[in-house]
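Fold and geometry: a report
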Amino acid sequence: MTSVASSETRPLATSVSRRRLDLGLVAGLASAAAFGTAGPVAKALLGSGWSPAAVTLARIGGAAAILLIPALLACRGRWPAVRAHAPLILVFGLLAVAGAQLSYFNAVRTLPVGVALLVEYSGTVLVVLFIWATTRRRPATTVIFGGVVSILGLALVLDIAGQSRPDLTGVVYALGAAVGLAAYFLTASRGKDVLPATVIAGLGMVVAALALGVLGCARILPMSFSTTPVTVAGTMTPWWAAVGELVLVAAVAAYLLGTFAARRLGPTLASFVGLAEVLAAVLFAWLLLGELPRPVQLLGGVLVVAGVVAVRLGERPAR
């Protein structure tokens, strides 16, 4: 009787697990596409007189205002868990949200969107390095090989041996965004058993917005806003429409879907699926800004993505 019940339960468990994976993949791909619009739209605002800090504050502040009430409602009955996970929320807000976005928007000011994002996505390797450092387990040979390939690809993306090297300041900002990206994948998957994704994303946005606001009021971060129309896809667009896209699509939808996907898939697979953001950003930058990396940089991008794929494939059996 037990064996019969067990055999009936097994397909049900497999079906539930597969459904969770499918939902996670769909959410992860949708999140990647939404995130991919941020760079081109932000760069259009930067070109109309906005500063990177102002674009970041507008995006995060708007998202925080929208997510605050749902996050507080989701906190009912969970305040002890919220207090227990306060360090996690702080790290998510300061590093994964504010740090990553501010660094990325500073990077796209002087770098093509595709190049900046490819440098940022080299941070997916940092996820594996962090897990290696904390578990004391040496990565598989495939993981090490993937890391080397990614570094070689990054060298081609930056066109180190070429005559038109990217702006060094932009590269440093893009590397800072890579650290924020690693923090995003590592923190978004934590606390999933006790805190809904709305709480992590909403409160993290509030923390990030408050931090940026304080730094802006203290004039540590220069804040420059403009009501000049922005040029998107060769068309003049109201500034508020660009900001609305950054808030509703590239922030609220992207972070909620991304946090949901990271919890369904785990940090490793979620960061792997998130590579679709690179393709989405290059596509949107081409359609909206007319930007397209040079052939050698596209080749480097292929190597970066291939290296991260190798890292993921080698890291999964090790886990």
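Because the structure is a prediction, the values reported are computed rather than measured. (Residues numbered from 1 in each chain as written. Predicted model: local features only at pLDDT ≥ 70, side-chain atom pairs only at ≥ 80, totals over all residues. Heavy atoms only, no water.)

What about the packing of helix α6 (residues 113-121) against helix α9 (residues 168-188)?
At a closest axis distance of 7 Å, the pairing of α6 and α9 adopts a crossing angle of 50 degrees. One finds that α6 runs oblique with respect to α9. With respect to the hand of their crossing, α6 and α9 are arranged in right-handed fashion. Residue-level inspection shows A116, V119, E120 and Y121 of α6 in contact with α9, the latter providing V171, A174, L175, A177, A178, L181 and F185. Residues belonging to the contact of α6 with α9 are distributed by class as follows: ten nonpolar, no polar and one charged. (Axes fitted to C-alpha atoms, helices over the stretch in contact; angles between N-to-C directions. Helix = DSSP H or I, 4+ residues; strand = E, 2+ residues; numbered from the N terminus. Parallel < 35°, antiparallel > 145°, perpendicular 65-115°, else oblique. Left-handed = near helix turned anticlockwise from the far one by under 90°. Contact = heavy atoms within 4.5 Å. Nonpolar A, V, L, I, M, F, W, Y, C, P; charged D, E, K, R; others polar.)

A closer look at the packing of aromatic side chains
Aromatic ring pairs are reported here in terms of the distance separating the ring centres and the angle at which the planes meet. Overall, the coordinates contain five aromatic pairs when judged by the stated rule. Considering the side-chain rings of F92 and Y184, the 6.1 Å spacing of their centres and the 35 degrees angle between planes classify their relative orientation as tilted. A residue pair is termed long-range when its members are at least 10 positions apart, and F92 in helix α5 (residues 86-110) and Y184 in helix α9 qualify at 92 residues. Put simply, the rings of F35, F92 and Y184 pair up and form one aromatic cluster. (Phe/Tyr/Trp six-rings, centres within 6.5 Å; stacked < 30°, edge-to-face > 60°.)

A look at a nonpolar patch on the surface
A cluster of nonpolar side chains, namely L283, W286, L287, L292 and L298, defines an oily patch on the protein surface of about 490 Å² accessible area. The leading source of residues in the nonpolar patch is helix α12 (residues 276-289), at three residues. Turning to its location among the elements, L292 is positioned in the loop between α12 and α13 (295-318). (Patch = residues over 30% accessible without salt bridge, like charges linked within 9 Å, V, L, I, M, F, W, Y side chains within 5 Å. Areas by Shrake-Rupley, 256 points an atom, 1.4 Å probe, with all protein chains shown as cover. Salt bridge = Lys/Arg side-chain N within 4 Å of Asp/Glu carboxyl O.)

Focus on unusual backbone geometry
Even without being glycine, R219 reaches a positive phi, approximately 60 degrees. Within the secondary structure, R219 is located in the loop between α10 (197-217) and β1 (230-232). A positive phi angle, near 55 degrees, is found at A233, a position not held by glycine. Tracing the sequence through the fold places A233 in the loop between β1 and β2 (235-237).

Details of the nonpolar core
Core analysis: the largest hydrophobic core is formed by 89 residues, its most contacted members being L45, V55, F92, Y104, Y184, M205 and L246. For this core, the element with the most residues is helix α11 (residues 239-273), which contributes 13 residues. (Core = buried A, V, L, I, M, F, W, Y, C linked by side-chain atoms within 4.5 Å. Buried < 20%, exposed > 50% of the residue type's maximum accessible area, 1.4 Å probe, protein only.)

Thoughts on α6
The buried fraction of α6 amounts to nine of the nine residues, a majority that puts the element mostly inside the structure. When α6 is considered as a whole, its buried residues turn out to be V113, G114, V115, A116, L117, L118, V119, E120 and Y121.

Let's talk about the side chain of S48
In this structure, S48 sits in the loop between α2 (38-47) and α3 (52-74). Residue S48 is classed as buried on the basis of its relative accessible area of 13%. The contacts of S48, once residues within four sequence positions are left out, are S226, T228, P229 and V230.

Notes on the environment of I144
Following the sequence through the fold, I144 ends up in helix α8 (residues 141-157). Taking the C-alpha atoms as reference points, I144 and V125, 19 residues apart in sequence, are found 9.9 Å from one another.

Here we look at α3
Taking 1.5 Å per residue as the helical rise, α3 with its 23 residues ought to reach 33 Å, and the 32 Å between its terminal C-alpha atoms agrees with that figure. Of all the bends in α3, the largest measures some 40 degrees and sits at L67, one to four residues before the proline P70. (Expected span 1.5 Å × (residues − 1). Bend = angle between axes of the 7 residues up to and from the residue.)

Let's talk about the packing of α5 against α10
Closest axis-to-axis distance for the α5/α10 pair is 8 Å, and the angle between their directions is 60 degrees. Between α5 and α10, the angle is such that the two are oblique. As for how α5 packs across α10, the hand of that crossing is right-handed. Within the contact between the two elements, α5 uses L88, I89, L90, F92, G93, L94, V97, A98 and L102 and α10 uses I200, A201, L203, G204, M205, V207, A208, A211 and L212. The class makeup of the residues in the contact of α5 with α10 is 16 nonpolar, two polar and no charged.

Some thoughts on the side chain of S103
Locating S103 in the fold gives a position in helix α5. Within polar-contact distance, the side chain of S103 engages the backbone oxygen of G99 at 2.8 Å. The contacts of S103, once residues within four sequence positions are left out, are Y173, A174, G176 and A177. (Polar contact = N/O pair within 3.5 Å; in protein donor to acceptor, adjacent residues only side chain to side chain.)

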